[in-house]
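# Structural characterization, general
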Amino acid sequence: MSQVDAPRGRTCSRTLRSVALLTSGVLALPVLAACSADESERTGKAAAPDIAAAARDKVADGGTLRWAIDAMPTTLNAFQADADAATTRIAGAVLPSLFTLDKSGRPQRNPDFVESAEIVDREPKQVVLYKLNQKAVWSDGREIGAPDFVSQWRALSGKDSAYWTARNAGYERIEEIQKGASDLEVKVTFTKPYADWQSLFTPLYPKDVTSAPNAFNDGARDGLKATAGPFRLGPMDRKAGTATLVRNPRWWGEQAKLENLVFTAVPRDKRADALAAGRVDIAEIDRGTATRIAGAAGPGHASGQPSSPAAGRTPSKALKGGAVPHGSGDDKALAARSRSVSAYVAAQTALKGYVVRKSLEPAYTQLALNGESGPLADARVRRAVARALDRKELAETVLSPLGLPADPPGSHLALAGQNAYTDNSGALGEQNTEEAQALLADAGWTPGGLKKPAPAKAGSEAGASASPNASGFPSSAPQSSGRKAGGDAASDDGLYIVGDDKPASAVHGPASGGTRILAPAPAAAGREMALPGRPGSDDEARGAGTQDKKGEVAGAYAPRGTAAPVVAGAVGKNGKPLSLRFVLPSGPGSEPLRAVGAKVARMLDRVGIRTEITKVADAGYFKDHIASGNYDLALYSWPATAYPATDARPIFAKPEPASDGSLLVEQNYTRVGTDYINQLFDQAAAELDQDAARELVRKADARIWAAAGSIPLYQRPELVAARPTVRNAGAFGFAAPRYQDIGFKKG
């Protein structure tokens with residue numbers, strides 16, 4: 001999952017790297033000077049990439065690098081809904097990128113394609129002038145120029161539904177594109193200001209791909225007639241699962257070190273076998289495979305310990321160390337075990353030929369709280385969940401064993417090191433059991449609430465029975481004004497909570513008939529995300545984003561005077577316990593998520609919130625549960641972005657009701673949002689002053705924290721296995737790969 005002077009995530013790949021991820025602005029000012037001390041203190045420091053960086057003269061010329069990808073791409077058009085990480089990898093090597101991200105996640109002009117790019121007019125309309133590299137040509141010899149820009153704008157503007165586009169953000173704001181004083185100049189005029197303009201035209205496709213709907217929709221599925229990068233597209237063998245890129249002889253920049261770059265489809269759970277068999281030279285891996293490689297390297301290796309008792313042992317020792325099946329002398333069983341152990345030890349021996357490179361991935365894992373209906377429709381309950389969590393402990397669970405920094409993210413919209421990053425978590429507050437209990441009590445969830453209410457009485461007796469004191473709490477715990485007694489009504493701090501007007505017994509998901517998803521897809525991408533006609537409530541417009549001396553937003557705490565009860569067990573209301581359905585993936589690569597989920601459940605248990613953990617197949621985890629709203633609590637990830645005003649808006653914007661009564665949630669799978677958050681995103685997207693735009697993003701993030709629909713827990717680890725001789729490739733972190741520099745150690 002970011003900001004205004006930061007990077008915009010590749011929204012096409014963001015589609016669903018989230019469970020992944022689903023997904024990688026700005027004013028062109030002096031392109032990134034060194035950060036000042038004050039700025040570094042505010043933004044934090046990004047984790048360094050681990051790529052075995054080497055100068056080009058230390059990298060050998062020639063060779064073939066085999067790079068593992070999850071699957072063969074179904075399209076090479078990065079602007080289609082079915083584009084994936086493989087699409088992005090290939091596009092980055094063979095197509096123009098006008099701006100790329102540096103190691104701090106900040107956009108930088110790419111001099112291979114653009115000599116300069118800047119805003120030359122702000123009034124009466126914003127005009128951006130690109131001066132292209134005079135040597136830049138497509139592989140067919142044609143100059144890269146205005147016709148390519150015009151064609152891509154028209155395809156992605158959203159005005160022609162015949163184009164199957166995944167997104168049109170930014171392109172719909174363009175009024176016209178003209179050739180400048182020469183063929184190398186391109187002038188882009190906007191209908192209204194657009195801060196994230198640096199996100200546009202990356203990648204840039206040749207006009208033959210974007211000039212007609214048929215070419216756009218299907219013409220780039222299996223090939224590209226023209227490319228412009230250090231590599232060009234070679235054979236794509238779907239049967240063998242390989243996409244080969246070859247050195248581009250027309251490339252005008254520094255020549256690619258590699259002769260060939262072969263992307264090889266290897267599923268994540270087969271990576272260890274592929275590495276041991278020598279099928280790939282570099283592959284992103286999970287923690288289990290990283291541990292095996294560490295074990296193969298021997299005791300004391302920095303990345304961990306062997307994952308099997310057989311690691312580092314001879315076949316005979318491993319065989320003697322294991323029990324014979326059922327204690328029998330079955331020769332066949334012994335032979336089978338011997339073969340298995342021998343194969344494992346042989347694989348471990350082969351894995352000695354790799355090293356693990358590690359950094360933090362530009363993505364964060366969050367605890368999502370579904371606020372559409374049920375107890376979590378009440379903002380006080382969501383905040384109680386958040387205040388029960390020790391985010392530092394959860395981050396350490398995943399990152400400390402890997403030797404990676406374990407600081408929980410302080411923002412939903414940027415990560416440490418990015419220019420937009422500010423720690424706004426104070427808007428919600430740190431872990432505090434008493435505050436969590438007080439919030440639950442204020443919402444009517446108490447230990448005494450587990451008792452079934454007495455039969456209804458008439459007159460004043462009924463009113464007395466319904467009072468908070470009847471639940472066993474001290475009389476100093478008052479009812480908050482503006483809320484329905486005992487109900488999941490809207491909180492009075494100006495936050496709009498989706499589902500406030502729905503009964504607590506409503507069920508999530510398709511059975512409720514209440515939700516429709518607008519995910520990245522042709523229809524969704526063409527939808528104008530206009531500012532709602534009416535602003536947020538008066539309370540919100542006046543007070544949202546205002547902070548006390550601790551930097552905490554009003555409304556994140558129980559009302560003054562609310563007692564925090566001592567909770568010995570579950571809390572309840574009207575005789576029903578507060579129990580939340582916690583959905584987790586069950587696959588072999590999801591162990592870290594399940595470990596975090598178990599700790600979250602224990603933390604919630606301490607404040608009286610019970611969780612019902614449901615483990616589901618990885619394949620349907622996102623589509624059948626997260627996107628459909630069939631959960632209360634869930635863990636999934638969003639990629640970071642350099643352009644949060646554009647890319648993060650669909651994730652955190654308030655769901656809108658459709659004419660049939662359902663909700664259009666776009667990518668806001670928590671169903672929690674406010675009009676004021678929408679307004680802040682829209683203002684940030686139109687603000688051309690970097691500092692002012694950053695402040696608007698900060699305010700939006702503070703309100704997202706206070707709404708407590710999404711709680712960032714940790715930045716995801718990035719683990720990559722590579723042959724020790726591979727240079728300038730590995731765990732890139734934020735940085736975009738510089739494909740022409742990748743190769744093998746010289747000598």
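As the structure is a computational prediction, the values presented were derived from the model and not from experiment. (Residues numbered from 1 in each chain as written. Predicted model: local features only at pLDDT ≥ 70, side-chain atom pairs only at ≥ 80, totals over all residues. Heavy atoms only, no water.)

The next point concerns the environment of Arg122. Mapped onto the elements, Arg122 comes out in the loop between strand E4 (114-121) and strand E5 (127-132). On the basis of relative accessibility, which here comes to 42%, the residue Arg122 falls in the partly exposed class. Remark: the alpha-carbon pair of Arg122 and Thr189, spanning 67 residues in sequence, is separated by 9.8 Å. (Helix = DSSP H or I, 4+ residues; strand = E, 2+ residues; numbered from the N terminus. Buried < 20%, exposed > 50% of the residue type's maximum accessible area, 1.4 Å probe, protein only.)

Attention now goes to the packing of helix H12 (residues 391-399) against helix H17 (residues 591-606). Between H12 and H17, whose axes approach to 10 Å, the crossing angle comes to 160°. Between H12 and H17, the interaxial angle falls into the category roughly antiparallel. The handedness of the crossing between H12 and H17 comes out as right-handed. Residues Glu393, Leu394, Thr397 and Val398 of H12 touch H17, and the partners they reach there are Ala595, Val596, Lys599, Val600 and Met603. Among the residues making up the contact of H12 with H17, the classes are represented as 6 nonpolar, 1 polar and 2 charged. (Axes fitted to C-alpha atoms, helices over the stretch in contact; angles between N-to-C directions. Parallel < 35°, antiparallel > 145°, perpendicular 65-115°, else oblique. Left-handed = near helix turned anticlockwise from the far one by under 90°. Contact = heavy atoms within 4.5 Å. Nonpolar A, V, L, I, M, F, W, Y, C, P; charged D, E, K, R; others polar.)

This next bit is on H17. Its 16 residues give H17 an end-to-end C-alpha distance of 23 Å, which sits within 8% of 22 Å, the value for a rise of 1.5 Å per residue. Those residues of H17 that sit buried are Leu593, Arg594, Val596, Gly597, Val600, Ala601, Met603 and Leu604. Following H17 by one or two positions, Gly608 adopts a phi angle in the positive range, close to 95°. (Expected span 1.5 Å × (residues − 1).)

Turning next to the confidence of the model for the protein chain. Atom-level detail of predicted coordinates should not be read off regions where pLDDT is low. In this model, the protein chain carries an average pLDDT of 81, and 75% of its residues clear a pLDDT of 70 or more. Here residues 302-324 is modelled with pLDDT under 50, and outside its nearest four sequence neighbours on either side it reaches 36 contacts, counting other chains as well. Here residues 459-555 is a poorly scored stretch, pLDDT under 50, and it has 202 contacts once near neighbours within four places are set aside; other chains count. (pLDDT = per-residue confidence, 0-100.)

Attention now moves to the packing of helix H8 (residues 287-297) against helix H10 (residues 331-351). Relative orientation of the contacting elements H8 and H10 amounts to 85°, with a least axis distance of 8 Å. Here H10 runs roughly perpendicular to H8, going by the angle between their axes. The segment H8 lies against H10, with Arg292, Ile293, Gly295 and Ala296 engaging Tyr344, Ala347, Gln348 and Leu351. Tallied by class, residues from the contact of H8 with H10 come to 5 nonpolar, 2 polar and 1 charged.

Attention shifts here to the sheet that holds E5. Two pairing modes exist for strands in a sheet, parallel and antiparallel, and in both the strands are linked by backbone hydrogen bonds. Pairing is antiparallel in the open sheet, where 4 strands are placed in the order E4-E5-E7-E6. Edge positions in the open sheet fall to E4 and strand E6 (174-179), since each of these has one partner strand only. Sheet twist, expressed as the average angle between the axes of neighbouring strands with direction ignored, equals 15°. Two elements, E4 and E5, share 6 bridges in a ladder whose sense is antiparallel. Directly across from Glu118, in E5, lies its bridge partner Leu129. Seen against the sheet, helix H4 (residues 146-156) touches E5, E6 and strand E7 (185-190) and runs at an angle of roughly 165° to E6. (Pairing = 2+ DSSP bridges.)

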